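Secondary and tertiary structure notes
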There are 2 protein chains.
Amino acid sequence: MTVKQLSLPELTAACRELGVPGVGLWREPVQQYGVASAAKLVRDAGLTVTTLCRGGFLTAIDPAERAAALADNRAAVDEAATLGTDTLVLVSGGLPAGSKDLHGARERIADALAELGPYAADHGVRLAIEPLHPMYAADRCVISTLTQALDLAERFPAEQVGVAVDTYHIWWDDRAPAEVARAGEGGRIHTFQLADWTTPLPAGVLNGRGQIGDGAVDMREWRERVDAAGYRGPIEVELFNEALWARDGKEVLRETAERFALHAL
Amino acid sequence: MTVKQLSLPELTAACRELGVPGVGLWREPVQQYGVASAAKLVRDAGLTVTTLCRGGFLTAIDPAERAAALADNRAAVDEAATLGTDTLVLVSGGLPAGSKDLHGARERIADALAELGPYAADHGVRLAIEPLHPMYAADRCVISTLTQALDLAERFPAEQVGVAVDTYHIWWDDRAPAEVARAGEGGRIHTFQLADWTTPLPAGVLNGRGQIGDGAVDMREWRERVDAAGYRGPIEVELFNEALWARDGKEVLRETAERFALHAL
């Protein structure tokens, strides 16, 4: 998504050329390209698929909506398995229209995970609950902190459900460092993502994630924390940023790799 | 600030006419009108000044900036005392330019409170640390949760330092209900403010606070929590909203009073 201006063949070629060993994919471009074809493309380029984004949106009250969400998440698990990644990232969902019940929404996510966790594990896929920044609590994700994500994940086996640690969403939270350690102890850090926090935020607050090093987040400190928690998996840089999307994708990928090395290693 | 399109005389007349018994004031319009004149205006209208907004911005590293901030906060205390309110609300400040050190910024706030708390108490004024939504952590306020605000306030006597409980900033936080109880037990709820959470957020995320009842926040539940915590002080509605500012101020004030009665009482 950081370089969504690139087609999948452009992306895999650029990763290969720049020495980026893995890539996190989103469902929509993969579906458009064809899931099996995308899997072959990435495999032939010698890359691993780090994660698939995203499942989730599990807070619906309406039974038909709920059934559709579960079916879509099973499809996402199937796609992840086809792509050869072991991790499906979940954006859990916001409040249904007219509802003000955060607790109820969180419990419906738990109920859905009880169905999806075993299905995912049967396909060699782990679910990664991504706590989203509290500014998304109403409309995208009622899981707002790493604490909440872990409280939820720990109701299930770690090989079914863990968490996504993303600096953009948790950097402000003074409890998050201890929760990273807790997640590591439980083997529940299923992916680690970087984005910087820059201001002012754009309207809608979706596409203002900063390039590594441009913002308020101490990237090296977070990387070291996640290291210290025992995480040895891939590190993803996930930027939604209109300015980056307007530039040459390969140049943005090169810059991102350089910034990662400069600020996080 | 909810009806900043009204002059102070228009505001006090409208409050009196609508039966609104108190008003929270901001420093800038009060300074423009003259602090003593504003105090007389409000007193003559039979209104109380609930709080003065705002002091704070106490995170500077530079000694000259820091001294200026402390001086400005003492002036704010003086203004609060002149206005006859017992509460000065603090927006604590964000990260200094180039800094990524949230912990250090929070400790500088603590150092400043150690100087300002006794000064305020000597003038009959309590400082109210307002935790601001985490989306403001970088540029406005590194105190992002009621837990952090209370941890900080409790280093000082309650008659010097307490907290501002504002639904807009804390509604998403599953720990906040317990923290409201904790704040009440310690006599540290120094004001209670309402605003609703509506989406999409506008660019800059400052002026998108929703009218009571328009958003995701269960106002009655929060009002009952604060009641149960023993708070018996004024309840303020503080909306920063371009659409409300574009309307007739008196009409907005009437609507706000109606919404308060409908959704919070």
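Residues numbered from 1 in each chain as written. Chains lettered and ligands numbered in written order. Predicted model: local features only at pLDDT ≥ 70, side-chain atom pairs only at ≥ 80, totals over all residues.

**Quick look at the overall build of chain A**
For chain A, the helix and strand inventory stands at eleven helices and nine strands. The C-alpha atoms of chain A give a radius of gyration of 17 Å, which matches the 18 Å a tight globule of 265 residues would have. Overall, the C-alpha framework of chain A stretches about 45 × 40 × 35 Å when taken along its three principal axes. Of all 265 residues assigned to chain A, the portion counted as buried reaches 51%. Long-range pairs, those at least 24 residues apart, make up 79% of the contacts in chain A between residues at least 6 apart in sequence. (Helix = DSSP H or I, 4+ residues; strand = E, 2+ residues; numbered from the N terminus. Rg over C-alpha atoms; globule rule 2.2 N^0.38 Å. Buried ≥ 20, exposed ≤ 12 C-beta atoms within 10 Å, placed from the backbone. Contact = placed C-beta atoms within 7 Å.)

**Topic: the nonpolar core**
Within the largest apolar cluster, 170 residues are counted, with the highest numbers of intra-cluster contacts made by Leu88, Ile129 and Val163 of chain A together with Leu88, Ile129 and Val163 of chain B. Beyond its immediate sequence surroundings of up to four residues, Leu88 of chain A is in contact with Leu52, Gly55, Ala76, Val77, Ala80, Ala120, Val125, Leu127 and Ala128 of chain A. (Core = buried A, V, L, I, M, F, W, Y, C linked by C-beta atoms within 7 Å.)

**Side note on helix H11 (residues 249-263) of chain B**
Residues and elements named next belong to chain B. The first and last C-alpha atoms of H11 sit 21 Å apart over 15 residues, in line with the 21 Å expected at 1.5 Å per residue. Residues Val252, Leu253, Thr256 and Phe260 constitute the buried set of H11. What you see down the axis of H11 is that its buried residues fit within an arc of 100 degrees, all on one side. Along H11, exposed side chains directed more than 90 degrees from the buried face belong to Glu251, Ala261 and Leu262. (Expected span 1.5 Å × (residues − 1). Arc of directions from axis to C-beta.)

**A closer look at the sheet that holds strand E1 (residues 22-26) of chain A**
Residues and elements named next belong to chain A. Strand order in the open sheet formed by seven strands is E1-E2-E3-E4-E5-E6-E9, and the pairing between neighbours is parallel. The sheet is open, and its two borders are formed by E1 and strand E9 (235-237), each paired with just one other strand. Taken pair by pair, the neighbouring strands of this sheet meet at an average axis angle of 30 degrees, ignoring direction. Here E1 runs beside strand E2 (residues 48-56); their pairing, made up of four bridges, is parallel. Along E2, the bridge assignment pairs Trp26 with Cys53. Strand contacts of helix H4 (residues 63-83): E1, E2 and strand E3 (87-91), with the helix running at about 175 degrees to E2, the strand carrying the most contacts. (Pairing = 2+ DSSP bridges. Axes fitted to C-alpha atoms, helices over the stretch in contact; angles between N-to-C directions.)

**Concerning helix H4 (residues 63-83) of chain B**
All names here are of chain B. Here H4 is 21 residues long and its end C-alpha atoms lie 30 Å apart, about the 30 Å a rise of 1.5 Å per residue gives. Of all the residues in H4, the buried ones are Ala69, Asn73, Ala76, Val77, Glu79, Ala80 and Leu83. Taken end-on, H4 shows its buried residues confined to a sector of 165 degrees, consistent with a single buried face. Seen from the open side of H4, the exposed residues pointing more than 90 degrees away from its buried face are Pro63, Ala64, Ala67 and Ala71. Looking at the buried residues of H4, the elements they touch are strand E1 (22-26), helix H2 (27-33), helix H3 (35-44), strand E2 (48-56), strand E3 (87-91) and helix H5 (102-122). In the segment just after H4, Gly84 is the residue with positive phi, at about 85 degrees.

**A closer look at unusual backbone geometry**
All names here are of chain B. In this model, Cys53 is joined to Arg54 through a cis peptide bond whose omega is 0 degrees. Position of Arg54 among the secondary structure elements: in strand E2. Cis geometry marks the peptide bond from Thr199 to Pro200, where omega comes out at 0 degrees. Here Pro200 lies in the loop between strand E7 (196-197) and strand E8 (209-210).

**Digging into the packing of helix H1 (residues 8-18) of chain B against H3 of chain B**
Residue and element names in this part refer to chain B. Interaxial distance between H1 and H3 falls to 9 Å at its minimum, and their mutual angle equals 20 degrees. Between H1 and H3, the crossing angle belongs to the class labelled roughly parallel. Seen from above, H1 lies across H3 with right-handed handedness. Counted together, Leu8, Pro9 and Thr12 of H1 and Ala38, Leu41 and Val42 of H3 form the full contact between these two elements. Here the residues of the contact of H1 with H3 are counted per class, giving five nonpolar, one polar and no charged. (Parallel < 35°, antiparallel > 145°, perpendicular 65-115°, else oblique. Left-handed = near helix turned anticlockwise from the far one by under 90°. Nonpolar A, V, L, I, M, F, W, Y, C, P; charged D, E, K, R; others polar.)

**Some thoughts on the pairing of E3 of chain B**
Residue and element names in this part refer to chain B. Within E3, five of the five residues are buried, which leaves it mostly tucked inside the rest of the structure. Alternating residues of E3 divide into Thr87, Val89 and Val91 and Leu88 and Leu90, and every residue in both groups is buried. As paired elements, E2 and E3 share four bridges and run parallel to each other. Of the residues in E3, the one forming a bridge with Leu52 is Leu88. Handedness of the crossover is the feature at issue here: the chain leaves E2, passes through H4, returns alongside E3, and the resulting connection is right-handed. Bridging between E3 and strand E4 (residues 126-129) involves four bridges; their strand directions are parallel. The partner of Leu88 across the bridge, within E4, is Leu127. (Right-handed = clockwise from strand over helix to strand, strands pointing away.)

**Describing the relation of the copies chain A and chain B**
Superposing chain A onto chain B takes a rotation of 180 degrees combined with a translation of 0.0 Å along the rotation axis, leaving an RMSD of 0.0 Å. The relationship between the two copies is best expressed as a two-fold rotation axis. Among all residues of chain A, the one whose C-alpha sits closest to the rotation axis is Ala203 of chain A, at a distance of 1.8 Å. Mapped onto chain B, 100% of the interface residues of chain A are again interface residues, and the two copies thus contact each other with one and the same surface. (Least-squares fit on C-alpha atoms with pLDDT ≥ 70 in both.)

**Some details on the sheet that holds strand E6 (residues 189-194) of chain B**
All names here are of chain B. Spatial ordering of the open sheet is given by E1-E2-E3-E4-E5-E6-E9, a layout of seven strands whose pairing is parallel. Edge positions in the sheet fall to E1 and strand E9 (235-237), since each of these pairs with one other strand and no more. Strand after strand, the sheet turns through a mean of 30 degrees between neighbouring axes, direction not considered. Against the sheet, H4 contacts E1, E2 and E3, and its axis sits at roughly 175 degrees relative to E2.

**Some details on the packing of H3 of chain B against H4 of chain B**
The description of two helices packed together rests on the angle between their axes and the distance between the axes. All names here are of chain B. Running from N to C, H3 and H4 point in directions that differ by 30 degrees, and their axes come no closer than 8 Å. Between H3 and H4, the crossing angle belongs to the class labelled roughly parallel. Crossing hand, H3 versus H4: right-handed. Together, Val35, Ala36, Ala38 and Ala39 of H3 and Glu79, Thr82 and Leu83 of H4 make up the contact between the two elements. Of the residues contributing to the contact of H3 with H4, the split by class is five nonpolar, one polar and one charged.

**Regarding the confidence of the model for chain A**
Per-residue pLDDT for chain A has a mean of 98; in total, 100% of the residues score no lower than 70. Here the predicted complex scores 0.97 on pTM and 0.96 on ipTM. (pLDDT = per-residue confidence, 0-100.)

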